[in-house]
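Structural features, examined
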Amino acid sequence: MRQRIIYIALLLLLAAGTANAQRYGRANWWNTPPEKWQFFAGADVAFPETGMKNLAYGINVGYVKNFGGYAHILFNGSPKVKENKSWVTSTYDMARNYFMTNKYAHTYQAIMAGGMLRLWCPLYLHVGAGYVREQIAYQHMNGDWMTISEASEYDYDGYDSDGIGIEAGLSLRINNILINSNVILAYGGFVPSFGLSYCF
């Protein structure tokens, strides 16, 4: 397994190192590598839930040529609960013991950074890591919010987590436009994100 990883890494480095020599007939945006380092900045959007609910928005910045680095931040608000109601262990308990509304809040925050490597075309592979905070909270009839301290056999949807997350993705560069996509993996599962940036 380790040998395969080494071979793949060497292949990617070789592809990046020979990018300046690539010319497939007529030069165009697809086969012409960048000639200078450029700063880029743009906007990102992440999808913590299936569909278009509770989207997280952010900014994406970086510095790139044939390789480079990037950082981005995503958020959709602040967590509703500061201190959890530790005796609540599931939404089943909530329905049985409390007067709950049908309202819930799903907050998502991520600060990620990593490296980028140009492949044999204007596609960049990027891998990064950072901090991810995610919370799903439910509202009581009195207006208070509470999370689930421990998932039970009745429900696995509510939680409050923070910690290290990792991500990987690809960016497509069309002249000075950079279209990126990532998948962030943390406690809550996979969260896809997409963005559009401009290279200055």
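Quick note: structure is the one above.
First things first, this report covers the structure right here in the doc.

Rules used throughout
- Residues numbered from 1 in each chain as written.
- Predicted model: local features only at pLDDT ≥ 70, side-chain atom pairs only at ≥ 80, totals over all residues.
- Heavy atoms only, no water.
- Helix = DSSP H or I, 4+ residues; strand = E, 2+ residues; numbered from the N terminus.
- Buried < 20%, exposed > 50% of the residue type's maximum accessible area, 1.4 Å probe, protein only.
- Polar contact = N/O pair within 3.5 Å; in protein donor to acceptor, adjacent residues only side chain to side chain.
- Contact = heavy atoms within 4.5 Å.
- Salt bridge = Lys/Arg side-chain N within 4 Å of Asp/Glu carboxyl O.
- Phe/Tyr/Trp six-rings, centres within 6.5 Å; stacked < 30°, edge-to-face > 60°.
- Pairing = 2+ DSSP bridges.

Some remarks on the side chain of H106
Its location among the elements puts H106 in strand β4 (residues 100-118). By relative accessible area, H106 is classed as buried at 5%. A distance of 2.8 Å separates polar atoms of two side chains, one belonging to H106 and the other to E49. Looking at H106, its side chain comes within polar contact range of the side chain of E134, at 2.6 Å. Aside from chain neighbours lying at most four places away, what touches H106 is P48, E49, N54, N76, E134, Q135 and I136.

Remarks on the environment of P48
As for its position among the elements, P48 is in the loop between β1 (38-46) and β2 (56-64). The class of P48 is buried, set by a relative accessible area of 13%. A sequence separation of 59 residues divides P48 from T107, and the C-alpha atoms of the two residues are 8.5 Å apart.

Overview of the pattern of salt bridges
In the structure shown here, the tally under the stated rule is one salt bridge. Between K53 and E49 there is a salt bridge; the shortest N-O distance is 3.8 Å. By relative accessible area, which is 13% here, E49 ends up buried.

Looking at the packing of aromatic side chains
Counting across every chain of the model gives five aromatic pairs. For the ring pair F47 and F194, a centre distance of 6.0 Å and an interplane angle of 70 degrees mean the geometry is edge-to-face. Of this pair, F47 sits in the loop between β1 and β2 while F194 is found in strand β9 (residues 189-199), placing the two residues 147 residues apart along the sequence. Taking relative accessible area as the criterion, F47 reaches 19% and is therefore assigned buried. Geometrically, the ring pair formed by Y198 and F200 is edge-to-face, given 5.2 Å between the ring centres and 75 degrees between the ring planes. Here the aromatic residues W37, Y63 and F67 are joined through ring pairs into a cluster of three or more.

Topic: the pairing of strand β7 (residues 160-174)
On any regular strand, side chains alternate: one points to one face of the sheet, the next to the other face. In this sheet, β7 lies alongside strand β5 (residues 123-140) in antiparallel orientation, the contact comprising 13 bridges. Looking at β7, one finds that R133 is bridged to D162. Where β7 meets strand β8 (residues 177-186), nine bridges bridge the pair, whose relative direction is antiparallel. Looking at β8, one finds that G169 is bridged to N182. Hairpin connection between β7 and β8: a loop of two residues separates the two successive antiparallel strands, and N175 in this loop has a positive phi of roughly 55 degrees.

What is shown is where atoms sit, not what they do.
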